[in-house]
Amino acid sequence: MGQWHGIEIDTFSWQGYDWAKRPIWGDNHPDDDFTWYSTELYEIRPNGDLVLPIKHQPKIFNVNGRMVEKPWARCSVRTTEEFKYGTFEWEMKCPEGKWQWPALWLSSDLSWPPEIDCMEGWSEDTRDYVKMLIFRNIKPTMHWTGTDGSHQQKSKNNILKCRLKCGKTFDKYKVVWTPKYIDVYYNNTRVGHFTDKVLLDQLNDPECKMHPIMSSGPYGKFDQKEMDRLDSNDRHM
């Protein structure tokens, strides 16, 4: 157990940090009828690797007055410590399967947006995140609130030169967050450089501190057949 803003939360220790076992909204996100967040699935292997698997484990939730059975349990973990600027690095092997949605990002518990997405990946029905034969369906994205109060976002698409392996082996991901810019690197190649003034103004607010977050889960047409394939080949994130 640990503390977050005075609230008791389930935590575990990994890589010198304490990690909360679920998102700030708990195990049920009201906008997702397909998955829910488990605190029991994560695994730390003897070699130190952290695994975030998926499991077919239906659970019923009351979602705004509707009783919804969500079939798939997933994982999302975040540091309990908050950070203001810095370099954040991960080595991650994307889950090798259809309809997978891995993500690495930085977000605040106190407001959303802003948010710094180091990477989001969508494998769709390809298993290797390839889109239009050559492009990887993986990208960094920044989120912020526009001057008119609307949600704004900017992504960098068509990532080619970083040579992501996507499920075959571990890739390196990095965010460099400074007061003047945000850079994103994949396998030591810069794939994003963000300097939008309104975004930086919000990130530079003294109250804006961020937690590194990691998640993995299914979406779309994911089914039991693909689940069996993930289990038999140990291809979870």
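Residues numbered from 1 in each chain as written. Predicted model: local features only at pLDDT ≥ 70, side-chain atom pairs only at ≥ 80, totals over all residues. Heavy atoms only, no water.

Quick word on the pattern of salt bridges
For the structure on display, the rule yields eight salt bridges. Two residues, D27 and K59, come together in a salt bridge whose shortest N-O distance is 3.2 Å. Of the two residues, D27 is situated in the loop between β4 (17-20) and β5 (35-37) and K59 in strand β8 (residues 55-63); the sequence distance between them amounts to 32 residues. Residue D27 is classed as buried on the basis of its relative accessible area of 17%. In this structure, R74 engages D32 in a salt bridge whose closest nitrogen and oxygen atoms are separated by 4.0 Å. Within this pair, whereas R74 is found in strand β9 (residues 66-79), its partner D32 is found in the loop between β4 and β5, the two being separated by 42 residues in sequence. (Salt bridge = Lys/Arg side-chain N within 4 Å of Asp/Glu carboxyl O. Helix = DSSP H or I, 4+ residues; strand = E, 2+ residues; numbered from the N terminus. Buried < 20%, exposed > 50% of the residue type's maximum accessible area, 1.4 Å probe, protein only.)

Here's the deal with the side chain of D109
Residue placement: D109 occurs in the loop between β11 (103-107) and β12 (115-121). The class of D109 is buried, set by a relative accessible area of 13%. Engagement of the side chain of D109 in a polar contact is seen with the side chain of H211, the distance being 2.9 Å. (Polar contact = N/O pair within 3.5 Å; in protein donor to acceptor, adjacent residues only side chain to side chain.)

Topic: the state of the cysteines
Evaluation of the coordinates by the stated rule reveals zero disulfides. Unpaired in terms of disulfides, C118 finds its nearest cysteine sulfur in C94, a separation of 11 Å. (Disulfide = S-S within 2.5 Å.)

Some details on the pairing of strand β19 (residues 189-194)
In this structure, strand β18 (residues 182-186) lies alongside β19, joined through five bridges in antiparallel fashion. Among the inter-strand pairings, D183 is bridged to a residue of β19, identified as H193. Turn length for the β18-β19 hairpin, with the two strands adjacent in sequence and antiparallel, is two residues, and the turn residue N187 shows positive phi of about 50 degrees. (Pairing = 2+ DSSP bridges.)

Re the sheet that holds strand β17 (residues 171-177)
Pairing is antiparallel in the open sheet, where four strands are placed in the order β10-β17-β18-β19. Of all strands in the sheet, those bounded by a partner on one side alone are β10 (86-92) and β19. When strand polarity is set aside, the average angle formed by the axes of neighbouring strands in this sheet is 15 degrees. (Axes fitted to C-alpha atoms, helices over the stretch in contact; angles between N-to-C directions.)

Some remarks on unusual backbone geometry
Of note, the bond from W112 into P113 is cis; its omega dihedral lies within 30 degrees of zero at -15 degrees. Looking at where P113 falls in the secondary structure, it is placed in the loop between β11 and β12. Backbone torsion omega between P113 and P114 reads 15 degrees, so that peptide bond is classified as cis. In this structure, W99 takes a positive phi of about 55 degrees despite not being glycine. Within the fold, W99 resides in the loop between β10 and β11.

Quick look at the confidence of the model for the chain
Across the chain, pLDDT averages 89, with 91% of residues at or above 70. The model gives residues 1-6 a pLDDT under 50, and that stretch makes 18 contacts with residues more than four places away or in other chains. (pLDDT = per-residue confidence, 0-100. Contact = heavy atoms within 4.5 Å.)

Looking at the pairing of β17
Walk down a regular strand and you will see the side chains alternate between the two sheet faces. Counting buried positions over the seven residues of β17 gives five, a clear majority of the element. Inspection of the sheet shows β10 paired to β17 by seven bridges, in the antiparallel sense. If you follow W90 over to β17, its bridge partner there is Y173. Of the pairings in the sheet, the one linking β17 to β18 comprises five bridges and is antiparallel in character. Across the sheet, residue W177 finds its bridge partner in β18, namely I182. Counting the residues between successive antiparallel strands, the hairpin from β17 to β18 contains four residues.

A word on the packing of aromatic side chains
Going through the model one piece at a time under the given rule, you end up with 10 aromatic pairs. Look at W72 and F222: their rings are 4.8 Å apart centre to centre, the planes differ by 75 degrees, and that puts the pair in the edge-to-face class. Remark: F222 occurs in the loop between β20 (211-216) and α2 (224-233) and W72 occurs in strand β9; sequence separation between them is 150 residues. Note on accessibility: W72 and F222 belong to one class, buried. When the centroid spacing of 5.1 Å and the interplanar angle of 75 degrees are considered together, the rings of Y173 and Y186 count as edge-to-face. Of the two residues, Y173 is situated in strand β17 and Y186 in strand β18; the sequence distance between them amounts to 13 residues. When its relative accessible area of 1% is taken as the criterion, Y173 is described as buried. In this arrangement the basic side chain of K84 is found over the ring face of Y85, its NZ or CZ atom lying 5.2 Å from the centre. A cation over an aromatic ring shows up here: K174 above the ring of Y185, its NZ or CZ 4.7 Å from the ring centre. (Phe/Tyr/Trp six-rings, centres within 6.5 Å; stacked < 30°, edge-to-face > 60°. Lys NZ or Arg CZ within 6 Å of the ring centre and 35° of its normal.)

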